[in-house]
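Secondary and tertiary structure notes
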Amino acid sequence: MKVFLFAIHDNGQQHFTLADAMRTELGWDAKSMVMKESYLGFKTDWTYEKNLKEAQEFIEDTDLFIFQDMLMCVDGLELQKYAGHKNTIINGTGSMMRANIPILREMQKEGWKMVTSLCDSTIASHIASPPFQNWIVPIERINELTKGIERNEEFSICHAPTNTRGKGTEKIEKILKSINDIKYERVTGMSWEEAIKKKAKYHMIIDSMGDNCYNAGNSLEGLVLGQHVLTVMDGWCLATHDWIPITNIRENTETVIRKTIEEAKGGDRNWMLREEKEWVEDHFGKKKQMKRWKNFIDWVMQ
């Protein structure tokens, strides 16, 4: 199976991670391409600037096309000639899909197939999607990057926003400044790999006060790192799982943050770590996710 995955900048490096999982778990010939490389240093197989000729040759006999968030026409790539209802998936990961929901709903009526972030009510409540999360967490790579890194001696909290306004950074930091005996750091301005190594030193991560669900980045990566994870989750998100090992700060935010910090500072949570990591592996690890993805792909191409 030949698979071509295209994204503008590959949100959360999900297309590279998916292509890599297709290669390692299924033995498929999968290539991810971005129009522009992310400032976060995400890996990709090809870039539009450097690999246009290779990509055009590749797509001429490609079996499956996966676009991130929206169907796209790209100068120099005859995608419209080869991509159709029976061999194309639009893989929703964030804001571009959210901004184009009316168009995508009409496209679904015409037969185009899509998969969304199931826990995100702002997308999944509007677009029909198979009943599984599309994200894959690069657990093995995170473990490689953080091997041997020890936590800070002082109880410490980090927050790693890519969008400070959207993540509610000002509100988070206002609360944390009023709490004594903690070390806090905002982790920004570095590559994803550098950020993972930095975050591994902290005991707790507060993901967001501006979203409605956990995300593939800080929340799920935090669980892999063995951290306490706090973020906002709405009822739709909570309904997608029987149990989510993340502290919800949607209501009584400051009270919940303070209480969780006090409990975390005084407790031994080693007993919880295995359950949390197994939860991430079960729902977002590449081996199980590729089984789900393959079943969905088989359905799309039948």
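Now for a quick tour of the structure. Not measured: the values here are computed from a predicted model.

Moving on, we come to the sheet that holds strand S4 (residues 64–68). Spatial strand order, S3-S2-S1-S4-S5-S6: six strands in an open sheet with parallel pairing. Lying at the two open borders of the sheet, with one neighbouring strand each, are strand S3 (46–47) and strand S6 (113–115). Pairing geometry for strand S2 (residues 29–34) and S3, over two bridges, is parallel. Looking at S3, one finds that Val 34 is bridged to Thr 47.

In total, this model carries 16 salt bridges according to the counting rule given. For Arg 23, the salt bridge goes to Asp 45, with nearest N and O atoms at 3.0 Å. Of this pair, Arg 23 sits in helix H1 (residues 14–26) while Asp 45 sits in the loop between S2 and S3; the two residues are 22 residues apart in sequence, bridging distant segments of the chain. Here Asp 45 falls in the partly exposed class, since its relative accessible area comes to 24%. Of the charged contacts in the structure, one is a salt bridge between Arg 141 and Glu 144, with a shortest N-O distance of 3.0 Å.

Across all of its chains, the model carries 13 aromatic pairs by this definition. Here Phe 296 and Trp 299 contribute two aromatic rings whose centre-to-centre distance is 6.0 Å and whose plane-to-plane angle is 20 degrees, an arrangement assigned as stacked. Placement of both Phe 296 and Trp 299 in helix H14 (residues 286–301) is noted, with a separation of three residues, approximately one turn of the helix. Residue Phe 296 is classed as buried on the basis of its relative accessible area, which comes to 7%. Among the aromatic residues, ring-to-ring pairing joins Phe 4, Phe 6, Trp 46, Phe 58 and Phe 65 into one connected group.

Okay, the pairing of S2 next. In terms of strand pairing, strand S1 (residues 2–7) meets S2 through six bridges, oriented parallel. In the sheet register, Val 3 faces S2, and the bridge partner there is Ala 30. Once you follow S1 into H1 and on to S2, the crossover reads as right-handed.

Judged by nonpolar contacts, the single largest core of 32 residues is most densely connected at Val 137, Tyr 214, Leu 220, Trp 279, Val 280 and Phe 284. Contributing elements (two or more residues each) for this core: helix H7 (139–146), helix H9 (192–199), helix H10 (218–224) and helix H13 (270–284). Ranked by size, the runner-up nonpolar core spans 19 residues in total, among them Val 3, Leu 5, Trp 293 and Ile 297.

Conventions we followed
- Residues numbered from 1 in each chain as written.
- Predicted model: local features only at pLDDT ≥ 70, side-chain atom pairs only at ≥ 80, totals over all residues.
- Heavy atoms only, no water.
- Pairing = 2+ DSSP bridges.
- Helix = DSSP H or I, 4+ residues; strand = E, 2+ residues; numbered from the N terminus.
- Salt bridge = Lys/Arg side-chain N within 4 Å of Asp/Glu carboxyl O.
- Buried < 20%, exposed > 50% of the residue type's maximum accessible area, 1.4 Å probe, protein only.
- Phe/Tyr/Trp six-rings, centres within 6.5 Å; stacked < 30°, edge-to-face > 60°.
- Right-handed = clockwise from strand over helix to strand, strands pointing away.
- Core = buried A, V, L, I, M, F, W, Y, C linked by side-chain atoms within 4.5 Å.

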